[in-house]
Amino acid sequence: MGCQEDEFVGNSLIQMYAKCGSIDDSLKVFDGISGTGSPVCWNSMIARFAENGFYVDGIELYKLMMENEILQTTSTFGSVMKACAGLDATWEAKQVHAQLIVRGLISSVILETALVDMYMKCGEIEMGRRVFDGMNERNVITWNSVIRGYSQMGYVEEAFELFGMMRKKEMIVPDKFMFPALLMAATKNSNVTEEFIEFFKAIHAYAIKIRLEANRFVGTSLVAMYSSNQSLGDALLAFEDSYSKDIGLWSSIISANGKNGKAEEALWLFYDMLFSDIKPNQFIYSTLFMACADLSTMETGKQIHGHSLKSGCPLDVAARNALLSMYSNCGCIDEAKRIFNSIQNPNVISYNSMISAFAKHGLPTEAVQLFREMKDIGLKPDDITLVALLSSFSHAGLVEEGLELFYSMKENHGVEPSYQHYACIVDLLARAGLVEAAERFVNEMPFKPGPSLWQVLLGACSKHQNVEIGERVAEILLELEPNEAITYVLLSNIYAKCGRCVEADRVRNLMVERRIEKDSGVSWIEIEREMHVFGVEDRSHPRSKEIYEKLDDLIRKIKEIGYAPDITFAAHNMENERREESLYYHTEKLAFAFGVLSTTPGVPIRIMKNLRVCGDCHNANKYFSLITGRTIILRDNHRFHHFKGGKCSCGDYW
Ligand SMILES: [Zn+2]
Ligand SMILES: [Zn+2]
């Protein structure tokens, strides 16, 4: 074979191997033919490196090419600029720019556009703009590059100004890539004003005018733009308008719903997607696991987990992190641990998720052990890790350990205590009954304490019957949030528990006079992927009669073995007997009775509640677990309680 043929075959091989993902084989072929001094195979190799993300190798080869005095052509520079952009290599970018000037190659619109693109992608906005302004001729790709550069940095105004210039001064019609470039500004700017939203809506209208709204690139960017502005309705309309819905578009609408707290809608969209014969990717799975974690729908979560296993789609760390949070939020700490162990290279988020799962389930020893392991493998705990760890101490009443960690976190872990960390300590002291210390701590902290922190303190005053501090805290809270029912309820409970009935009634009456509604408690339970919700003394469930009969039967049985209703948790303006009765029909008790009716004996019962579990229900659940032999996993708005054999995992400390 002649020399040229050799090179032709060689180049084809370099391309073929790279296409098959074997860049090493490409390199072997290259090494065999690079000695000829012809730039063709060098260019080909640099291009393959740049295309496949081996940016450093691409730049190195370019340098080697210069050292060997091999002629560099337009195509060499095109590829090496791609590599510089991929690597954010500003210094190299400027070197390449200088070479282009020296060689007089600068006047081609393709190379100049590549230069603009490279500088913009490296975040060198000013340099990119300077090249752009100096160009004699620009095409739509040049405009896309410069506008994307500004959008990426969240410079909405500049991006729009350029867009206007392009259309009015140069009469260039935008293509489908322009819309993602422009609309990206909406997702990158954290401070999108009303005025900007009007801009973005005008862009949507313009896309419709030039009939690009149905294009999937345009559709995907419109969905992302609307969802970052919490306009889910508009996002959905933009989604519906797209005629070819690919996986990218589906993931953007599903994640838009997931991120905006519309977990259920995200799930429905997922089923629609499957119906359209689109295979989900790990990003979608990850969004769905998070959605199920939010909804605490374990059956659905399990089903989607099963789906991902069957589909053979590998789950990355992010998806597994979401999956472990899903299991933990649904009360399956063992399964969460199993998923954590399946992560090959757990990252800080994996550890944070698992440590906070242990905290919520009242397992401080496990949390600490994992914290040590994390440091051992060289991961640096961040502020979230320390919040999770502190809250695990708080849930377990480990006051000394908590304080020690708090006071050493800056020195030992380089994390400055934030409001969150201070809040953990207030919680820790308050729960442990160290109400005075907690009050002092709140007053001395370097942040302005918010209402929820005062509420924690008031809750502790109620539990530990501290009238003096309770009155002080209630006064602050009534000033901050005069319409918050919980303050009245807690203060009145404090008086009632200390036998000061007159004052307790006075607070209750004040609440009635001011027409303050008590937050209504609800509990829910998932049976065969359907949620059943129960309010207080709720009789709306179709099986209501049966449920009440079952509950009465259960109450009768637990009374026989020693359960005594604690009427301080019932509403106050009622006769004693009536009070006792209303206590029986608290939401979590109704949900439990329904759970017993609807599941096979022996199956654990999982109940969710929107408020903190009351002392009486906590006590009743212990007895329920004893007489029914069921494990009851109750998640309130604060933590998990695992009731088994008459005991609770929280050790009555919550
Ligand atoms: Zn209750
Ligand atoms: Zn408990």
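The notes below deal with the structure included here. (Residues numbered from 1 in each chain as written. Chains lettered and ligands numbered in written order. Predicted model: local features only at pLDDT ≥ 70, side-chain atom pairs only at ≥ 80, totals over all residues. Heavy atoms only, no water.)

### Observations regarding helix α22 (residues 364–376)
Here's step 1: Over its 13 residues, α22 extends 18 Å from the first C-alpha to the last, a length consistent with the 18 Å expected when each residue adds 1.5 Å.
Here's step 2: Every buried residue of α22 is accounted for by Pro364, Ala367, Val368, Leu370, Phe371 and Met374. The buried residues of α22 all sit within an arc of 160 degrees when viewed along its axis, so they share a single face. α22 presents Thr365, Gln369, Arg372 and Asp376 as exposed residues on the side facing more than 90 degrees away from its buried surface.
Here's step 3: If you follow the buried residues of α22, they end up packed against α20 (333–342), α21 (348–360), α23 (383–396) and α24 (399–413).
Here's step 4: Downstream of α22 by one or two residues, Gly378 has phi in the positive range, about 90 degrees. (Helix = DSSP H or I, 4+ residues; strand = E, 2+ residues; numbered from the N terminus. Expected span 1.5 Å × (residues − 1). Buried < 20%, exposed > 50% of the residue type's maximum accessible area, 1.4 Å probe, protein only. Arc of directions from axis to C-beta. Contact = heavy atoms within 4.5 Å.)

### Quick notes on the coordination of the zinc ion (ligand 2)
Here's step 1: At this site the zinc ion (ligand 2) is bound by His618 (NE2), His641 (ND1), Cys648 (SG) and Cys650 (SG), with donor distances of 2.0 to 2.3 Å.
Here's step 2: Geometry at the zinc ion (ligand 2) is tetrahedral, judged from its 4 donor atoms and the angles of 102 to 115 degrees they form at the metal.
Here's step 3: Overall, His618 belongs to the buried group, its relative accessible area being 1%. (Donors = N, O, S within 2.8 Å, 3.2 Å for Na, K, Ca; no water. Tetrahedral: all angles 85-135°; square planar, octahedral: opposite > 155°, others 65-115°.)

### Digging into the coordination of the zinc ion (ligand 1)
A metal bound by six donors in octahedral fashion has ideal angles of 90 or 180 degrees, whereas one bound by four tetrahedral donors has an ideal angle of 109.5 degrees.
Here's step 1: Distances from the zinc ion (ligand 1) to its protein donors, namely His586 (ND1), Cys614 (SG) and Cys617 (SG), fall within the range 2.0 to 2.2 Å.
Here's step 2: For the zinc ion (ligand 1), the donor residues sit on a single chain with the sequence spacing H-x27-C-x2-C. Of the two residues, His586 is situated in the loop between α32 (576–584) and α33 (587–598) and Cys617 in helix α34 (residues 615–628); the sequence distance between them amounts to 31 residues.
Here's step 3: The buried category is assigned to Cys617, whose relative accessible area is 0%.

### Some points on the side chain of Thr142
Here's step 1: Checked against the element boundaries, Thr142 lands in helix α9 (residues 140–152).
Here's step 2: Within the structure, Thr142 has its side chain in polar contact with the side chain of Asn139 (distance 2.8 Å).
Here's step 3: Every residue in contact with Thr142, bar those within four places of it in the chain, is listed here: Val109, Thr113, Phe132 and Met135. (Polar contact = N/O pair within 3.5 Å; in protein donor to acceptor, adjacent residues only side chain to side chain.)

### Observations regarding unusual backbone geometry
Here's step 1: One non-glycine residue, Glu69, lies in the positive phi region at around 50 degrees.
Here's step 2: Mapped onto the elements, Glu69 comes out in the loop between α4 (55–67) and α5 (74–87).
Here's step 3: On the basis of relative accessibility, which here comes to 72%, the residue Glu69 falls in the exposed class.
Here's step 4: Although it is not a glycine, Asp88 sits at a positive phi angle of roughly 55 degrees.

### A word on a negative patch on the surface
Here's step 1: A contiguous patch of negative charge on the surface is contributed by Glu157, Glu158, Glu161 and Glu195.
Here's step 2: Sorting elements by how many residues they give to the negative patch places helix α10 (residues 156–168) first, with 3 residues.
Here's step 3: As for its position among the elements, Glu161 is in helix α10.
Here's step 4: Of the residues examined, Glu161 reaches a relative accessible area of 56% and is grouped as exposed. (Patch = residues over 30% accessible without salt bridge, like charges linked within 9 Å, V, L, I, M, F, W, Y side chains within 5 Å. Areas by Shrake-Rupley, 256 points an atom, 1.4 Å probe, with all protein chains shown as cover. Salt bridge = Lys/Arg side-chain N within 4 Å of Asp/Glu carboxyl O. Lys, Arg positive; Asp, Glu negative; His and termini not counted. Charge placed at Lys NZ, Arg CZ, Asp CG, Glu CD.)

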